[in-house]
Amino acid sequence: VQLVESGGGLVQPGGSLRLSCAASGFTFSNYAMRWYRRAPGKEREWVATITSAGGITYYADSVKGRFTISRDNHKNTAFLQMNSLKPEDTAVYYCSVQMQLTYWGQGTQVTVSS
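Small disclaimer: the values here were computed from a predicted structure and weren't measured.

Among the six residues that make up strand E8 (residues 77–82), five are buried, leaving the element largely enclosed by the rest of the structure. Pairing analysis gives six bridges linking strand E3 (residues 17–24) to E8, with the strands arranged antiparallel. Within E8, the residue paired with Ala22 across the bridge is Thr77. As paired elements, strand E7 (residues 67–72) and E8 share six bridges and run antiparallel to each other. Residue Phe67 lies in a different strand from E8, and its bridge partner there is Met82. Taking the residues between adjacent antiparallel strands as the criterion, E7 and E8 are bridged by four residues, where Asn76 takes a positive phi near 50 degrees.

Structural data, given as structure tokens:
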């Protein structure tokens, strides 16, 4: 199983970023996908979940209405569209898949600062 995140960077408050998570080594369309983040000095925080077919999504209250999780099962890729970014969204963002074990990507840094 391999998960590779990309799309992070430096953005001003109010800006947008789109993160991608390229998956391989498993049947992507069979599993729900999740995004988490870890801010400096804080514990890892769940951000969003999308079901295997993409029909149902769940969000943390802190990102609801600003972030959108999606997936393309033909491209084995999950996405996190982040709009109206705030400084408190600054974190390393990880995608994750839970099987018998839980697998994580290496993370992508998102910094929201003016």
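What follows concerns the pattern of salt bridges. Counted by the stated rule, this structure contains four salt bridges. When the shortest N-O distance is used, the salt bridge between Lys64 and Asp61 registers 3.2 Å. Where salt bridges share partners, they join Arg37, Glu45, Arg66 and Asp89 into one cluster.

Another point: the nonpolar core. Grouped together as the largest cluster of nonpolar side chains are 29 residues, with contacts concentrated most on Met33, Trp35, Leu80, Met82 and Tyr93. When contributions to this core are tallied by element, the ones reaching two or more residues are E3, strand E4 (33–38), strand E5 (44–50), E7, E8, strand E9 (91–98) and strand E11 (108–112). Other than its neighbours up to four places away in sequence, Met33 contacts Leu3, Cys21, Phe26, Phe28, Ala48, Thr49, Ile50, Ile69, Arg71, Ala78, Ser96 and Val97.

Here a disulfide denotes a covalent bond joining the sulfur atom of one cysteine to the sulfur atom of another. Scanning the entire structure with this criterion turns up one disulfide. Put simply, Cys21 and Cys95 are joined by a disulfide, and their sulfur atoms are 2.1 Å apart. Torsion about the S-S bond of the Cys21 and Cys95 cystine: about 65 degrees, corresponding to right-handed handedness. Of the two residues, Cys21 is situated in strand E3 and Cys95 in strand E9; the sequence distance between them amounts to 74 residues. Using a relative accessible area of 0% as the deciding quantity, one classes Cys21 as buried. A relative accessible area of 0% places Cys95 in the buried class.

Definitions and limits used
- Residues numbered from 1 in each chain as written.
- Predicted model: local features only at pLDDT ≥ 70, side-chain atom pairs only at ≥ 80, totals over all residues.
- Heavy atoms only, no water.
- Buried < 20%, exposed > 50% of the residue type's maximum accessible area, 1.4 Å probe, protein only.
- Helix = DSSP H or I, 4+ residues; strand = E, 2+ residues; numbered from the N terminus.
- Pairing = 2+ DSSP bridges.
- Salt bridge = Lys/Arg side-chain N within 4 Å of Asp/Glu carboxyl O.
- Core = buried A, V, L, I, M, F, W, Y, C linked by side-chain atoms within 4.5 Å.
- Contact = heavy atoms within 4.5 Å.
- Disulfide = S-S within 2.5 Å.

Just distances and angles here, no functional claims.
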